[in-house]
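Chain and residue survey
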Amino acid sequence: MLELQGIAVSPGVAIGKVLILDREGYRITRSQIDSTDRQIELERLKTAIAEASSRLDQHRQRSTDAIGEHVGAIFSAHQGLLQDPSLQSEWFRYIDEHCYSAEFAVSAVLNRYARAFRSMGSDAMSERATDIRDVERTLLEALGGHPMEQTGGDGQSVLVSHDLTPSETANLDTAKILGFCTEVGGPGGHTAIVARGMEIPAVVGLGRFMHRIETNAEIIVDGFRGTVILQPDESTLQRYRERKKDRFIRAEKLTQIRDLPAVTKDGTKISLLANIEFAHEVAPCLERGAEGVGLYRTEFMFLAADGEPTEQQQFENYLEVIQALPDLPVIMRTLDLGADKIGSLASAEPESNPFLGLRSIRLSLRQPRMFRNQLRAMLRASAFGKLKIMFPLVSTLNELRMARMLLRQVREDLEEEGVPLAERTEVGMMVEVPAAVLMLDHFIKEVDFISLGTNDLIQYTMAVDRGNEFVADLYAGHDPAVIRLIRSSVEVANRNNVDVSVCGEMSANPKTALMLVGMGVRTLSAPPAALPLVKQAVRNVDLTDCQQIATRVFDFGTAREVDAFLQQRFAELLPEMAIGV
Ligand code: PEP
Ligand code: MG
C-alpha cells in the first residue's frame, strides 16, 4: 500500500482500477501481439506511416496557402521526423523482436526521444519534443486511434495521467471513469473546475508517481483530502467504502432542502445560482434547486467542438439552456478562451505567459467576426428568456466600451433584419483582475451587474498560476490581500446599487460563502453540486454572524490565521456540518 498526497480539487471518493492515460490522451498499454502476427503488424505500421505522411503533406499545403511558408515548414520538419530511417527501424525492431503492438512501438520510442529533448531544458529542445509529440499523435491517429475515444474504462476505472486538459476532462465518460488523479495541476485550474462540475472525484498535483503504478492495480482517490492510495489493504478499502456510504446518506438528506429558499435565520435572502460549462448541466441545476445560472462558461462548447460552432449551433445551444430554465436568469459569459483553455481557436502563436496573454475578452476583441457571431447567437436567444451577457477578464474601460459597442452594432443589425430580441439585455462584467477592482468606481457606471471571478482574482493578486501545484499554498481566497479586494468591490457595487455576485469557487465553499454574505454579497454562483451545502449553511446562521466573520477577518495579516478563524467560527456555528468542509 502506498499513500500519496496531492491537491483535492473535486470532492468524492473513487475506488477502482488504474487506467493509465498518457499526456496526449492516448492509452499506452504495453500490449503485445502473437508472434505469428508480426508481419501483419509491420505492414499495418507501414501503411500508417504512409497515411500519416500524406496527412502531414496536406497540413503543410494548407498552412502554406493560408498562412505562409514559415508555418508550412513546421510540417515539413514533422515529415522529416516521420521518415527518419533510424526512428523507423526502431519501431520495426520493437515489433519484430519484442512482438509489441504498432501503437506501443510508436509511443514507447517517441516518448523516449521526447523525454530526452525535454530534459535538455532549452526552449528550442522543448519545441523539438513537442514536434515529436505531434508526429506521435498523427501516427497514432493513422493507426486508427482517436484521443479520448481510446480511453476505455469499464465503470470500475480510475484514470491516472500526467496531466489532463480541461477539454479532455470534459470529454471523460463518467459512466466509465469513476475518478481521476494527475501528477501535475493546481487547485484553481479549469481541469479542477470541470471535474467539480461533472461531480467526478479528483486529486491533482501528486508529483511524479506514474512509474510506480500498473494498469488495473487497485486505487483509491479521495477528493476530499487530496490523498491517493495505491494498492490499498483490505481494512483501508473497508474504511473508504464506509466513508463513501456516509457521504451518500448526507447528500440524500440535503435533497430535502432543495425547494426551500436560502434565507438566513434572521431573514436575509441569498440567491443561489449555478455555474455550468455545458447546456446539459441545466438538469443538475434544477435537481440542486438553483435559482438560475450565474455563469455559463460558453467556451466549453467551442473546446468540445474543437473549432468554432456556427451562429445557428450556438443559438440552439443557448436556447436549450434558456428554455430549460424558464423565468430564471441565465448569465452567459462570452468566450473565455486562452490560458489553460486552449482550443484550435486560441492563439496560433505559442505564448510564453498565456495567463497574461491573449485570453478571454482580449482574444474576442481581436477576432471580431467570431465575437459578433457569438453575440448574435446570444441576442437571438434573449427573445426566449432572461438572458444576460457578461464579459470576462475585463482589465480596462476601453475593453468594456469596445465590447459594448460591438454588442450595440450587432443588436442594430439584428433589428434591421427583423429578428426578434429581448427589449433590453443586461450587460455585466467579471471582476477578476486587480486593475478592475481599483477602477471599479468607473466601471460600475457602465454595467448592469458585476460578478467577482475570484478564481482569477486570486491568481492575479497573488501572482500565482492557479494551475501550478508548486505554488498551490499561495493560491488562497482567504488571503488578506484577496479579501480586501473583494470587500472593496462589493462596497462599490452596493453603494452604486449595482448587482454583485461571486461566481468564483469561493462561493462553493460554505466557510468562505458565509464570509462573502457578511461582506454584503447577496448572490452566490457555484457548481450545482455545491449548492445544497451552501444553502444548508446559509439557512442555519444569522446575518449578524456572517457580518461578524467578515469584520473580524480584517484583523488578520496572514491567510493561515484567516483560515483558522473561518474554520473555528464555522465549527462553532454549524458543528454538524463542520466535518469535511
Ligand atoms: C473566475 O475566474 O473566478 C471564474 C469564475 O472564471 P473562470 O474560472 O472560468 O476563469
Ligand atoms: Mg476567470
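Right above here is the structure, for reference.
The present account deals with the structure reproduced in this document. (Residues numbered from 1 in each chain as written. Chains lettered and ligands numbered in written order. Predicted model: local features only at pLDDT ≥ 70, side-chain atom pairs only at ≥ 80, totals over all residues. Heavy atoms only, no water.)

**Structural notes on the site of ligand 1**
Contacts to ligand 1 come from 17 residues, most closely from R297, R333, G453, N455 and R466. A distance of 2.7 Å is found between an oxygen atom of ligand 1 and a side-chain nitrogen or oxygen belonging to R297. Within the contact set of ligand 1, an oxygen atom lies 3.1 Å away from a backbone nitrogen or oxygen of T454. The protein chains hide 100% of the 290 Å² of surface that ligand 1 would expose on its own. Looking at the shell around ligand 1, the elements that each hand over two or more residues are α7 (190-198), β10 (293-297) and α17 (454-462). Ranked by the residues each element gives to the shell around ligand 1, the list is headed by α17, at 3 residues. Class assignment for the residues of the shell around ligand 1 results in 4 nonpolar, 5 polar and 8 charged. (Near = heavy atom within 4 Å. Polar contact = N/O pair within 3.5 Å; in protein donor to acceptor, adjacent residues only side chain to side chain. Areas by Shrake-Rupley, 256 points an atom, 1.4 Å probe, with all protein chains shown as cover. Helix = DSSP H or I, 4+ residues; strand = E, 2+ residues; numbered from the N terminus. Nonpolar A, V, L, I, M, F, W, Y, C, P; charged D, E, K, R; others polar.)

**Description of the environment of Y296**
As for its position among the elements, Y296 is in strand β10. Along the sequence, Y296 and V427 sit 131 residues apart, while their C-alpha atoms lie 14 Å from each other. With residues near it in sequence (within four places) discarded, Y296 still touches I276, E277, F278, A279, M301, N317, Y318, V321, I331, M332 and R333. Among the polar contacts made by the side chain of Y296, one reaches the side chain of N317 at a distance of 2.6 Å. (Contact = heavy atoms within 4.5 Å.)

**Here's the deal with helix α8 (residues 234-254)**
With 21 residues, α8 should cover 30 Å at 1.5 Å per step; its first-to-last C-alpha distance of 31 Å lies within 8% of that length. Listed in full, the buried residues belonging to α8 are T236, L237, Y240, R243 and L254. On an axial view of α8, the arc spanned by its buried residues comes to 120°, and they lie on one face. In α8, those exposed residues whose orientation departs by more than 90 degrees from the buried face are E234, S235, K245, F248 and K253. (Expected span 1.5 Å × (residues − 1). Buried < 20%, exposed > 50% of the residue type's maximum accessible area, 1.4 Å probe, protein only. Arc of directions from axis to C-beta.)

**Quick word on the coordination of the magnesium ion (ligand 2)**
Distances from the magnesium ion (ligand 2) to its protein donors, E432 (OE) and D456 (OD), fall at 2.0 to 2.2 Å. Of the two residues, E432 sits in the loop between β13 (427-431) and α15 (434-438) while D456 sits in helix α17, which places them 24 residues apart along the sequence. Across the pair, exposure class does not vary: E432 and D456 are buried alike. (Donors = N, O, S within 2.8 Å, 3.2 Å for Na, K, Ca; no water.)

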